[in-house]
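# A look at the structure
Residue-level listing of the chains:
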Amino acid sequence: MDIILKYFPRLSDEQKRQFAALKDLYEDWNAKINVISRKDIGNLYEHHVLHSLAIARAIQFQPETKILDFGTGGGFPGIPLAIMFPDCHFKLIDGTGKKILVASEVARSLGLKNVVAEQRRGEDETEKFDFVVSRAVMPLPDLMKIVRKNISKKQRNATLNGIYCLKGGNVDAEIHPFRKTAEVEDISRWFEEDWFKEKNVIYVPV
């Protein structure tokens, strides 16, 4: 939890409570349904929560922004972002029912009123959103093909509607089709821990 306060010191008391509660919730659920590697659960805040919040460094979503978390798994990056942006609306989808069960129960336990979690394949999602967020679900060109239909033409933010995805390693090949519009931010410019080296936030306007 300290690592979250290190980079986001101006949290409300409610946000602090919600972030602090993630440890016990994910440890409890992960013992029943494995959504985080058992070896990695001890790194929950650095590798999962703070990693998700790199998107909050890349953009400050305006109130009422609608965001789709595509392939959320157990709730990343959607749940940390929903805590960070309580005035925005988040829909978390994943094709695996067990993972959505974890994400929905964690959101319910935290009292997050701005989260809906549903078992659904991206191809079957029909709603419109301002932004789509994802964490290393699939190659960027494949992701774009699926979610382009879900990006609203109505703009609420200074940043054009589009996709934010978290990716590790060299992303040159993935962004090549979007090289004229894509923006790549090195997460290590925001977070100093070694784990964030060669981790990126990629933004592609749609």
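All of these numbers come straight from a predicted model, not from anything done at the bench.

## A word on helix H3 (residues 44-58)
Given 3.6 residues per helical turn, the α-helix brings residues three or four places apart onto the same face. With 15 residues, H3 extends 21 Å between its outermost C-alpha atoms, agreeing within 8% with the 21 Å of an ideal straight helix rising 1.5 Å per residue. At Leu50, H3 shows its largest kink, close to 35°. Where burial is concerned, most of H3 is hidden: 12 out of the 15 residues are buried. If you check which residues of H3 are buried, you get Leu44, Tyr45, His47, His48, Val49, Leu50, His51, Ser52, Leu53, Ala54, Ile55 and Ala56. The elements touched by buried residues of H3 are helix H1 (2-7), helix H2 (13-32), helix H4 (78-84), strand E4 (131-135), strand E5 (162-168) and strand E7 (199-205).

## Points about unusual backbone geometry
Cis geometry marks the peptide bond from Phe76 to Pro77; its omega dihedral reads 5°. Here Pro77 is to be found in the loop between strand E1 (66-70) and H4. For Glu64, which is not glycine, the phi torsion reads 75° and is therefore positive. Among the structural elements, Glu64 can be located in the loop between H3 and E1.

## Side note on the packing of aromatic side chains
Counted under the stated rule, the structure contains 9 aromatic pairs. Taking the centre distance of 5.8 Å and the plane angle of 50° together, the rings of Phe131 and Tyr164 count as tilted. On the criterion of sequence distance, the pair formed by Phe131 in strand E4 and Tyr164 in strand E5 is long-range, its members being 33 residues apart. An aromatic cluster is built from Tyr7, Phe8, Phe191, Trp195 and Phe196, whose rings are joined through pairwise contacts.

## Considering the nonpolar core
Core analysis: the largest hydrophobic core is formed by 51 residues, its most contacted members being Leu22, Tyr26 and Ile79. A per-element tally of this core places H3 first, with 8 residues. Not counting chain neighbours up to four residues away, the residues in contact with Leu22 comprise Leu44, Tyr45, Val49, Ile79, Ile83, Val106 and Leu110.

## Considerations on the side chain of Lys167
Along the chain, the position of Lys167 falls in strand E5. Among the polar contacts made by the side chain of Lys167, one reaches the main-chain carbonyl oxygen of Met138 at a distance of 2.5 Å. A polar contact of 3.1 Å, which involves the side chain of Lys167, links it to the side chain of Glu174. When near neighbours in sequence (up to four residues on either side) are disregarded, Lys167 contacts Ala136, Met138, Pro139, Leu140, Glu174, Glu198, Lys199, Asn200 and Ile202.

## Notes on the environment of Ile33
Along the chain, Ile33 turns up in the loop between H2 and H3. Take Ile33: its relative accessible area is 14%, and that puts it in the buried class. Along the sequence, Ile33 and Leu101 sit 68 residues apart, while their C-alpha atoms lie 9.2 Å from each other. Each residue touching Ile33, except ones within four places of it in the same chain, is listed here: Lys98, Leu101 and Val102.

## Side note on the packing of H2 against helix H5 (residues 97-110)
In contact at an axis separation of 9 Å, H2 and H5 are set at 140° when each is read in the N-to-C sense. Relative to H5, H2 is oriented oblique. Handedness of the crossing formed by H2 with H5: right-handed. Touching Glu14, Arg17, Gln18, Ala21, Leu22, Leu25, Tyr26 and Trp29 of H2 are Leu101, Val102, Glu105, Val106, Ser109 and Leu110, all from H5.

Analysis parameters
Residues numbered from 1 in each chain as written. Predicted model: local features only at pLDDT ≥ 70, side-chain atom pairs only at ≥ 80, totals over all residues. Heavy atoms only, no water. Helix = DSSP H or I, 4+ residues; strand = E, 2+ residues; numbered from the N terminus. Expected span 1.5 Å × (residues − 1). Bend = angle between axes of the 7 residues up to and from the residue. Buried < 20%, exposed > 50% of the residue type's maximum accessible area, 1.4 Å probe, protein only. Contact = heavy atoms within 4.5 Å. Phe/Tyr/Trp six-rings, centres within 6.5 Å; stacked < 30°, edge-to-face > 60°. Core = buried A, V, L, I, M, F, W, Y, C linked by side-chain atoms within 4.5 Å. Polar contact = N/O pair within 3.5 Å; in protein donor to acceptor, adjacent residues only side chain to side chain. Axes fitted to C-alpha atoms, helices over the stretch in contact; angles between N-to-C directions. Parallel < 35°, antiparallel > 145°, perpendicular 65-115°, else oblique. Left-handed = near helix turned anticlockwise from the far one by under 90°.

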